[in-house]
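Descriptive analysis of the structure
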Amino acid sequence: MAHQKTTLPHKTCPVCQRPFAWRKKWEKCWDEVKYCSERCRRSRDKGATHA
Ligand SMILES: [Zn+2]
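A brief structural summary. A quick note: this is a predicted structure, and the numbers were derived from the prediction, not measured.

When helices and strands are tallied, the protein chain shows one helix and two strands. Along its sequence from the N terminus, the protein chain presents helices and strands in the succession β-β-α. Of all 51 residues assigned to the protein chain, the portion counted as buried reaches 16%. Of the contacts formed within the protein chain by residues at least 6 apart in sequence, a portion of 13% connects residues at least 24 apart. A total accessible area of about 4,900 Å² is found for the protein chain, and carbon and sulfur atoms account for 49% of it.

Quick look at the structure:
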């Protein structure tokens, strides 16, 4: 429990400003991933910030 050998890369979502970790589904496109979720990506496209 003290330390974890597998340190996953992290990025910060520019929409919600939250850090998110690497996910298996992004293993082939991690460099292109900018948003933590599809929802954030869409809200970025619209520029709307309503929930
Ligand atoms: Zn986000």
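This part covers the coordination of the zinc ion. Bound to the zinc ion on the protein side are Cys13 (SG), Cys16 (SG), Cys36 (SG) and Cys40 (SG), at distances that span 2.3 Å. If you look at the zinc ion, its four donor atoms make angles of 103 to 118° with each other, and the shape they trace is tetrahedral. Read N to C, the donor residues that coordinate the zinc ion are spaced as C-x2-C-x19-C-x3-C. Separated by 27 residues along the polypeptide, Cys13 in the loop between β1 (10-12) and β2 (19-21) and Cys40 in helix α1 (residues 38-46) bring together distant segments of the chain.

Following the criterion strictly, the structure yields three aromatic pairs and no others. Ring centres of Phe20 and Trp30 lie 6.0 Å apart, and the angle between their planes is 75°; this geometry places the pair in the edge-to-face category. One end of the pair, Phe20, is in strand β2; the other, Trp30, is in the loop between β2 and α1, and 10 residues separate them in sequence. Each member of the pair, Phe20 as well as Trp30, carries the same accessibility label: buried. One aromatic cluster is present, built from ring pairs that chain together Phe20, Trp26 and Trp30. The ring of Trp30 carries the charged tip of Lys11 above its face, separated from the ring centre by 4.6 Å.

Thresholds, definitions, all that
- Residues numbered from 1 in each chain as written.
- Predicted model: local features only at pLDDT ≥ 70, side-chain atom pairs only at ≥ 80, totals over all residues.
- Heavy atoms only, no water.
- Helix = DSSP H or I, 4+ residues; strand = E, 2+ residues; numbered from the N terminus.
- Buried < 20%, exposed > 50% of the residue type's maximum accessible area, 1.4 Å probe, protein only.
- Contact = heavy atoms within 4.5 Å.
- Areas by Shrake-Rupley, 256 points an atom, 1.4 Å probe, with all protein chains shown as cover.
- Donors = N, O, S within 2.8 Å, 3.2 Å for Na, K, Ca; no water.
- Tetrahedral: all angles 85-135°; square planar, octahedral: opposite > 155°, others 65-115°.
- Phe/Tyr/Trp six-rings, centres within 6.5 Å; stacked < 30°, edge-to-face > 60°.
- Lys NZ or Arg CZ within 6 Å of the ring centre and 35° of its normal.

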